Amino acid sequence: MRALGTGQRRAWRGAVPRRVAVMATLMGMLMMPRAVRAHDLPGASATLVVRDGGFVELRLQLPWSELLQRQFMPRATPEQFLTVMVNQPPAAFAKRVLTVQAVLARELRVIANGTRTQPFTRWRWPSPAEVQNAMRTELMARLAMPGADHHAERMLVQAEVRLGSGLSAVQLQTAALLGPTLLTTYRPSEQWVGVGARSAPVPVGRP
């Protein structure tokens, strides 16, 4: 077992009796579909959607348990970390989630035309309760299937920024907490279509 700090060892020992409640639900986990128990794409991913008028939307798929562990208990095993986190009182757990949110909102930036850097606004986060429930599910899966290839559940986060006209290129400045991040950028083709009318042709390349 990797070395833990004094406070983390107390939390780990204190969580042991409560793990009985977690073990009681393991059989239910075994009956869940594979899509709920495992995730094919590990790590964080980001999508930038650039629309007319310089409006840019950011969509993140984040493995919250990995982010929280990097921030608070990087030397613990995933099972140790998850056991401590899922047994925290909701208010204490929410403070940890808000800390990670603040880091991401501060460090993630969009860069317009290679020079102008702006922060994202209107962040939309999953609730701390949703994050804690997802981590509880991950812990149950790890205990039910030790040695399997487990990934943290990825949850959607959204933000946006308006860069104005004259936008020719965008870049994403990521946050170190995310680790390696898969980025997808696209500009959707948009048009108004009248009531009952036929849209203009949209070119489609060969697959």
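Residues numbered from 1 in each chain as written. Predicted model: local features only at pLDDT ≥ 70, side-chain atom pairs only at ≥ 80, totals over all residues. Heavy atoms only, no water.

Asks: I tried to follow the packing of aromatic side chains on my own but got confused; where do I start?
Replies: In this structure the tally under the stated criterion is three aromatic pairs. Note on Trp64 and Trp125: the rings are 6.2 Å apart at their centroids and 70° apart in plane angle, and the pair reads as edge-to-face. With Trp64 in helix 5 (residues 64-72) and Trp125 in the loop between strand 5 (121-124) and helix 8 (128-144), this pair connects stretches of sequence that are 61 residues apart. Judged by relative accessible area, Trp64 falls into the buried class, the value being 1%. One aromatic cluster in this structure is built from Trp64, Phe120, Trp123 and Trp125. One residue, Arg96, lies across the ring of Phe72, its end atom 4.7 Å from the ring centre. (Phe/Tyr/Trp six-rings, centres within 6.5 Å; stacked < 30°, edge-to-face > 60°. Helix = DSSP H or I, 4+ residues; strand = E, 2+ residues; numbered from the N terminus. Buried < 20%, exposed > 50% of the residue type's maximum accessible area, 1.4 Å probe, protein only. Lys NZ or Arg CZ within 6 Å of the ring centre and 35° of its normal.)

Asks: Before we go on, may I ask you to explain the nonpolar core in this structure?
Replies: Soluble globular proteins tend to pack their nonpolar side chains together in the buried interior. One finds Leu58, Leu62, Leu104, Leu108, Phe120 and Met135 to be the most contacted residues of the largest nonpolar core, which totals 42 residues. Taken together, the elements giving at least two residues each to this core come down to strand 1 (44-51), strand 2 (55-63), helix 5, helix 6 (78-86), helix 7 (90-107), strand 3 (109-112), helix 8 and strand 6 (154-162). (Core = buried A, V, L, I, M, F, W, Y, C linked by side-chain atoms within 4.5 Å.)

Asks: How do you make sense of the pattern of salt bridges when you look at a structure like this?
Replies: If charged atoms from side chains of opposite charge come close, those side chains can pair. All told, the structure shown has nine salt bridges when counted by the stated rule. Among the salt bridges present, the one from Glu160 reaches Arg124, with a minimum N-O distance of 3.6 Å. With Glu160 in strand 6 and Arg124 in strand 5, this residue pair connects regions lying 36 residues apart in the sequence. Taken together, the shared-partner salt bridges in this structure form one network comprising Arg51, Glu57, Arg59 and Glu190. (Salt bridge = Lys/Arg side-chain N within 4 Å of Asp/Glu carboxyl O.)

Asks: It is not clear to me how the environment of Thr99 should be interpreted in this structure. Could you clarify?
Replies: The topology assignment puts Thr99 in helix 7. Taking the C-alpha atoms as reference points, Thr99 and Leu68, separated by 31 residues in sequence, lie 9.1 Å from one another. Residues contacting Thr99, with those up to four places away along its chain left out, are Gln71 and Phe72. (Contact = heavy atoms within 4.5 Å.)

Asks: I tried to follow the sheet that holds strand 4 (residues 116-119) on my own but got confused; where do I start?
Replies: Sheet architecture is open: three strands sit in the order 4-3-7, paired in antiparallel fashion. Where the open sheet ends on each side, the last strands, each with one partner, are strand 4 and strand 7 (170-173). With direction set aside, neighbouring strand axes in the sheet form an average angle of 30°. For strand 3 and strand 7, the ladder comprises four bridges, and the chain directions are antiparallel. Each residue of the ladder has a partner; that of Val110, found in strand 7, is Leu172. (Pairing = 2+ DSSP bridges. Axes fitted to C-alpha atoms, helices over the stretch in contact; angles between N-to-C directions.)

Asks: Even after reading the chapter, I still don't get empty space enclosed by the protein, so can you show me in this structure?
Replies: Empty space among the atoms can be located by rolling a probe the size of a water molecule over them. For the structure on display, the rule yields two cavities of 30 Å³ or more. What lines the second largest cavity is Trp64, Ser65, Val131, Ala134, Met135, Glu138, Ala152, Glu153 and Met155. With four residues, the top contributor of residues to the lining of the second largest cavity is helix 8. Per-class residue counts for the lining of the second largest cavity are six nonpolar, one polar and two charged. (1 Å grid on protein atoms, 1.4 Å probe; cavity = no way out; pocket = protein on both sides within 12 Å on 5 of 7 lines; lining within 4 Å. Points joined across faces, edges and corners; volume = space filled by probe spheres on them. Nonpolar A, V, L, I, M, F, W, Y, C, P; charged D, E, K, R; others polar.)

Asks: Sorry, what's going on with the sheet that holds strand 8 (residues 181-186) here?
Replies: The strands that make up a sheet are held in pairs by hydrogen bonds between backbone atoms, and each pair lies either parallel or antiparallel. With mixed pairing, five strands are arranged side by side in an open sheet as 5-6-2-1-8. Both edges of this open sheet fall to strand 5 and strand 8, since each of them pairs with a single strand only. Shown here is a sheet whose adjacent strand axes are inclined to one another by a mean of 15°, direction ignored. In terms of strand pairing, strand 1 meets strand 8 through six bridges, oriented parallel. Across the sheet, the residue bridging to Leu48 is Thr185, located in strand 8. Contacts between helix 5 and the sheet are confined to strand 2 and strand 6, with strand 2 contributing the most and set at about 80° to the helix.

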